[in-house]
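Observations on the three-dimensional arrangement
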Amino acid sequence: MKGYNVHSFKMRFSAVGVLSLLLFLLIGCANNTNGEGEKEISVMANVHTPQVATDSPVLDQIETAADVELDISWVPDEMYDDKMNTVIATESYPRAMFVKNSDSYNKMKDSFNEEVYWEISKYIEEYENLSNLDPVVLNNTAVNGKIFALYRETPLSRWGVMYRKDWAENLGIEAPETTDDLYEMFRAFTEDDPDGNGEDDTIGVTLNSDLTYGGFKFVSSYFGSPNNWGEKDGKLQPEFMFPEYIETMDFFKRLRDEGLVNKDFPVTSKTDQTEMLTSGKSGALVGCLCNAVGFQDSIQNTNPEAELDVQNRIAVPGGVPGTWSTAGYGSVVLFPKATNKTEEDVKETLALFDKMMEPEIYNAIAYGIEGEHYELVDGRAKRIEGEDVEASFEQKIRPLLGLAIGGELSIDALEPSFVSDLDEKQYNQTQDNNDILIHDPTVALHSKTFGEKGVYLQQIITDATFQYMLGEIDLAGFEEAVEKWRKEGGDQITQEYNEQYNALQNN
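Residues numbered from 1 in each chain as written. Predicted model: local features only at pLDDT ≥ 70, side-chain atom pairs only at ≥ 80, totals over all residues. Heavy atoms only, no water.

1. Thoughts on the environment of D71
Here is the rule: Note on conventions: DSSP H or I runs of at least 4 residues are helices, E runs of at least 2 residues are strands, and numbering of each starts at the N terminus.
Within the secondary structure layout, D71 lies in strand β3 (residues 69-76). Here the alpha-carbon distance between D71 and P94, two residues 23 residues apart in the chain, equals 9.0 Å.

What follows is the structure, given as structure tokens:
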């Protein structure tokens, strides 16, 4: 296997050194053969670890299965966007170019040139494994309604409530099923001495300053808010123009007015939010269920009797549970026409990724070699413990995740072994969220005005949302902010989204 080791992270590069490194990386990206007529496929991918995979049997396994020689340019994650932009500017493309995450890909869409990359939707069904990719997620990657990318799967929704199970049992509180139940839990965790120490030293729930991931957006799903945009009167409109968004603000305003939440949440960091839960100050946190096990471990360091529980299905009384969905993908991989000059070339490159979706190869990329890095326990992959095993995994396996596409929903792969009942419960609830998703109808649409002004315009709404919940403005003041959003570009964004939305609906 050929490759370029572009780091250790421990090295400190001068400005000249970085430029030299990038120029070095560009050499050979476009080569399709190794000089002996053998099939060679160049790939550029990001790596999150301090070193690239060396002497990895998994890379040998991929090359043997796909009958190719891989020429991989591994690029440190923090350098990746700059490297990708250099590749695009100099047109020094590999045959397969990863874009490291959905944010980078969305920014790239603004200048997407359809003459540069292969449109691949007509080929995907020709491959046994690629055809299992979720058409909804593929469509979420679309540019102007066309599919150019394969994707690495991320959970569509991992959100839910994590709360102190031992506190709830002390107070006779059941798992919350409605927003009223949620309020009552937060009230009781604040006012009814849930830890039994006789002191007024707890709050119901902790939030942070991020409207999306700090708690607000998760709870807005329980009230039935759209996911960023929703359809109203036959037209797409932003979430903050829906009454459910106002109801969510009212809910959090009530929590703050009554002292059931950290009052400084508009300036609270994620770290401080987490610390309030793990230190025993707060009884609940609304966020990624995947953190529940780690949070419980932290709490039990000082209070071994403490327990957490999780709950994902919550709605207004009489309502239908829902949870907002991501686009469903992390990194994507594109296929430049400069290096895949013919249809035969791009099919050859696609065949490589089809092979990498074979369960045995995907398992190797995710877990390593059976018997060396993991063992099967009840049909699940359980990591083998030990310093030597960990070192081998870090050196030979973990860096390869940058090559993966697909995931648990599209590949019949092994699932990880559960470390506890809580781990199993959060996993099952994350899977259950797939049945109650609230999708963003604009995720595959493009707005030039949003690209130019979206960050500024969103700040108008973010500021007004916090001001409303803090009692600094009333509903009339919030509506004034919405009018400002509309006049300064929001109406143009709405028009651009609706034009594309209607065109796709009519096709």
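Alright, that's what it looks like, and here's the rest.
2. Quick notes on the pairing of strand β8 (residues 235-238)
Put simply, the rule reads: Strands are labelled as partners when DSSP assigns at least two bridges between them.
In this sheet, β8 lies alongside strand β7 (residues 229-232) in antiparallel orientation, the contact comprising four bridges. The residue bridging E231 from the neighbouring strand is L236, located in β8. Linking two consecutive strands that pair antiparallel, namely β7 and β8, is a turn of two residues; a positive phi of about 55° is found at D233 within it.

3. Some points on the sheet that holds strand β9 (residues 284-288)
The cut-off we apply is this: Interaxial angles span 0 to 180 degrees and are taken between N-to-C directions of axes, which are lines fitted to C-alpha atoms, for helices over the stretch in contact.
Taken together, the three strands give an open sheet; going across it, the order is β9-β6-β10, and neighbouring strands pair in antiparallel fashion. The open sheet has two edge strands with one neighbour each: β9 and β10 (308-311). Each adjacent strand pair in this sheet contributes to an overall mean axis angle of 30°, direction not counted. Pairing geometry for strand β6 (residues 159-164) and β10, over four bridges, is antiparallel. Within β10, the residue paired with M162 across the bridge is V310.

4. A short note on the packing of helix α10 (residues 243-257) against helix α17 (residues 448-469)
Stated formally: Should an angle fall under 35 degrees it is taken as roughly parallel, and over 145 as roughly antiparallel, whereas 65 to 115 is taken as roughly perpendicular and any remaining angle as oblique. By definition in these notes, contact holds between two residues if any of their heavy atoms fall within 4.5 Å. Following the grouping adopted for this structure description, the nonpolar residues are Ala, Val, Leu, Ile, Met, Phe, Trp, Tyr, Cys and Pro, the charged ones are Asp, Glu, Lys and Arg, and the polar ones are all others, Gly among them.
Between α10 and α17, the least distance of the axes is 8 Å, while the angle of their chain directions is 45°. With respect to α17, the element α10 is oriented oblique. Contact residues: α10 offers Y245, I246, M249, D250, F252, K253 and R256, while α17 offers I461, T465, Y468 and M469. The residue makeup of the contact of α10 with α17, split by class, is seven nonpolar, one polar and three charged.

5. As for helix α4 (residues 102-109)
The test is simple: Exposure classes here rest on a 1.4 Å probe applied to the protein chains alone. A residue is buried below 20% of its type maximum, exposed above 50%, and partly exposed in between. Our arc is simply the arc of the directions from the helix axis toward the C-beta atoms. Pairing of N or O atoms within 3.5 Å defines a polar contact, subject to two protein rules: one partner must be a possible hydrogen donor and the other a possible acceptor, and residues neighboring in sequence count only if both atoms are side-chain atoms.
Inspection of α4 places S104, Y105, M108 and K109 among the buried residues, and these make up the whole buried set. Down the axis of α4, the buried side of the element spans an arc of 140°, and every buried residue falls inside it. α4 presents D103 and K107 as exposed residues on the side facing more than 90 degrees away from its buried surface. Those residues of α4 that are buried lie in contact with α3 (80-90), β4 (96-99), α6 (135-140) and β12 (329-334). The residue sitting at the N-terminus of α4 and contributing the capping side-chain oxygen is N101; that oxygen lies 3.2 Å from the backbone nitrogen of D103.

6. Examining the packing of helix α8 (residues 179-191) against α10
Basically, it comes down to this: Each crossing gets its handedness from the near helix: less than a right angle anticlockwise from the far helix is left-handed, clockwise is right-handed.
Direction vectors running N to C along α8 and α10 enclose 15°, while the axes themselves pass 11 Å from each other. Comparing the axis directions of α8 and α10 gives the class roughly parallel. As α8 runs across α10, the sense of the crossing is right-handed. Packed against α8, whose contacting residues are T179, L182, Y183 and F186, the element α10 presents F251, R254 and L255 at the interface.

Just distances and angles here, no functional claims.
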